[in-house]
Amino acid sequence: MTVIARPSTFRIKSFGCQMNVYDGERMADLLREQGITRAADGEEADLVVLNTCHIREKAAEKVYSDIGRLSKAGRKSGRTPLIAVAGCVAQAEGEEIMARAPAVSMVVGPQAYHRLPAMLDSALQGERSTDTDMPPIAKFDALPARRRSAPGAFLTVQEGCDKFCTYCVVPYTRGAEISRPYRDLVTEAQALVEAGAREITLLGQNVNAWSGTDDGGRPVGLDGLIRVIARLPDLKRIRYTTSHPADVTDGLIAAHGEIDKLMPFLHLPVQAGSDRILRAMNRSHTADGYLRLLERFREARPDIALSGDFIVGFPSETEADFAETLNLVDAVGYAQCFSFKYSPRPGTPAASMDGQVPAEVMDDRLQRLQSALNRHQRAFNRASVGKTCDVMVERRGKRPGQWLGKSPWLQSVHFDGDYAVGDFVEVELVEAGDNSLAGRVLRTVGR
Ligand code: 5AD
Ligand code: SF4
């Protein structure tokens, strides 16, 4: 039997969405409990966890090139790390990874990573293992309490998706919609704040589908959860992502007008502007219905910054359909957005639909869409110049004495001075670039 030395350092590389960042932090908590510490920057780790994303083909392919790179580096140095593949590629292609990549000793799905310590024990005995079970919630109960937090923390409140948009793998890789219990979330939020969090972003694939019951047995929605968490005195900011138009409630819209700590930002993907394409995507909303929803958010919070996701080149998308996407973009005036070329995913209905759009057409549409989105982002940033706002100090900038943080509208702001991570400063926004703004600090507000 091959017995491998217990790793003393780890590195976790998370791809894709913020949920993976959260999962990466929780895997780090687990590994630290095993006495394994995070490898310093630039240092080779004994254990590498690739926390993968399956949403588009390009993202999924990255895992194989990373495994190749790690094995090659290991052969050179004579010290190949233990490799674990986690996340959504692990869930979707676990067996294929095991067959294709002998260097991988653990494959663990997003609902099973609490079992990582046991899998590591097997790996040390030379046994390769795969765990892609999807027991709802068990993972969270098995994870250690939160003891560390950066000022900006993520908190997963809901996982999975029941919407089955026809292009999307999430309902298959992350499973059905599951809400974590209310009390667990309040406890975790408290622990995060005690550990130094000043901003919490509530996460879920359909975060606004979260529902629970409070300690008195009364039903609570996401807005109710936000209200309760907002009462934590040392917590300054709350955000949430990603929402679905079908799960927006009156209470959530009202919360934006009533809760100061809830930041004026909404990420509400629409995907396309043509009702025909939205139907083919199984999106359950029309372009007009989406615009009316946004209007209601704007009524509740006039300065709310809007964000969304778009897919160009969904099967059968015509130039006229695409023109409707551009019209919608102009009608909204987004502060920022993500946009992607359609990528056929194995097992999803859209992958076998007629009218797959040629790559050149997708390239051209993506470019035109992105130039429209950039124009709106620039306009939004320019319109912010002259405003005064609080910024949470997040990290050092490139120049000595320069710091970076986020405005309430999630813009990156850079400013000069002598601060510590987690400070809040009041700045005047004095100059706008495409992707960031320069701030002049008026005063330090606190931590
Ligand atoms: N191809 C391209 N983009 C996709 N997304 C999800 N599935 C696909 C796909 N198959 C995009 C959607 C979603 C975001 C997270 O990724 O815009 O909102
Ligand atoms: Fe995927 Fe649609 Fe669910 Fe979002 S709502 S995760 S795009 S299936």
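Residues numbered from 1 in each chain as written. Chains lettered and ligands numbered in written order. Predicted model: local features only at pLDDT ≥ 70, side-chain atom pairs only at ≥ 80, totals over all residues. Heavy atoms only, no water.

Looking up the protein chain in an unreviewed UniProt entry gives the name tRNA-2-methylthio-N(6)-dimethylallyladenosine synthase, with the organism given as Tsuneonella aeria. What UniProt records for the protein chain under Sequence similarities (unreviewed entry) is the sentence "Belongs to the methylthiotransferase family. MiaB subfamily." UniProt lists a comment for the protein chain under the heading Subunit (unreviewed entry), and it reads "Monomer." (UniProt positions renumbered as here; feature names shortened; annotations may be inferred.)

K.L.:
How do you make sense of the packing of helix α12 (residues 319–332) against helix α13 (residues 359–384) when you look at a structure like this?
P.N.:
If you want to describe how two helices pack, look at the angle between their axes and the distance between the axes. Between α12 and α13, the least distance of the axes is 10 Å, while the angle of their chain directions is 10°. With respect to their mutual orientation, α12 and α13 come out roughly parallel. Residue-level contacts link Glu319, Phe322, Thr325, Leu326, Val329 and Asp330 of α12 to Arg365, Arg368, Leu369, Ala372, Leu373, Arg375 and His376 of α13. Classifying every residue of the contact of α12 with α13 by side-chain character gives six nonpolar, two polar and five charged. (Axes fitted to C-alpha atoms, helices over the stretch in contact; angles between N-to-C directions. Helix = DSSP H or I, 4+ residues; strand = E, 2+ residues; numbered from the N terminus. Parallel < 35°, antiparallel > 145°, perpendicular 65-115°, else oblique. Contact = heavy atoms within 4.5 Å. Nonpolar A, V, L, I, M, F, W, Y, C, P; charged D, E, K, R; others polar.)

K.L.:
Hey, could you run me through the pairing of strand β7 (residues 152–156) in this one?
P.N.:
In the case of a regular strand, side chains alternate between the two sheet surfaces. Where burial is concerned, most of β7 is hidden: four out of the five residues are buried. For β7 and strand β10 (residues 199–203), the ladder comprises five bridges, and the chain directions are parallel. Paired with Thr156 across the two strands is Leu203, which belongs to β10. (Buried < 20%, exposed > 50% of the residue type's maximum accessible area, 1.4 Å probe, protein only. Pairing = 2+ DSSP bridges.)

K.L.:
Whenever I open this one, the site of ligand 2 confuses me. Can you help?
P.N.:
Taken together, the neighbourhood of ligand 2 is formed by Cys161, Lys163, Phe164, Cys165, Tyr167, Cys168, Val170, Pro171, His244 and Arg283. Per-class residue counts for the shell around ligand 2 are seven nonpolar, one polar and two charged. (Near = heavy atom within 4 Å.)

K.L.:
So what exactly am I meant to see when it comes to the sheet that holds strand β21 (residues 436–446) here?
P.N.:
Adjacent strands of a sheet pair through backbone hydrogen bonds, lying either parallel or antiparallel. The strand order around the closed barrel formed by five strands is β17-β18-β19-β21-β20, and the pairing between neighbours is mixed. Recorded for the sheet is a direction-independent mean angle of 50° between the axes of neighbouring strands. As judged from the five bridges shared by strand β18 (residues 402–406) and strand β19 (residues 412–416), these two strands associate in the antiparallel manner. Note that in β19 the partner of Leu404 across the bridge is His414.

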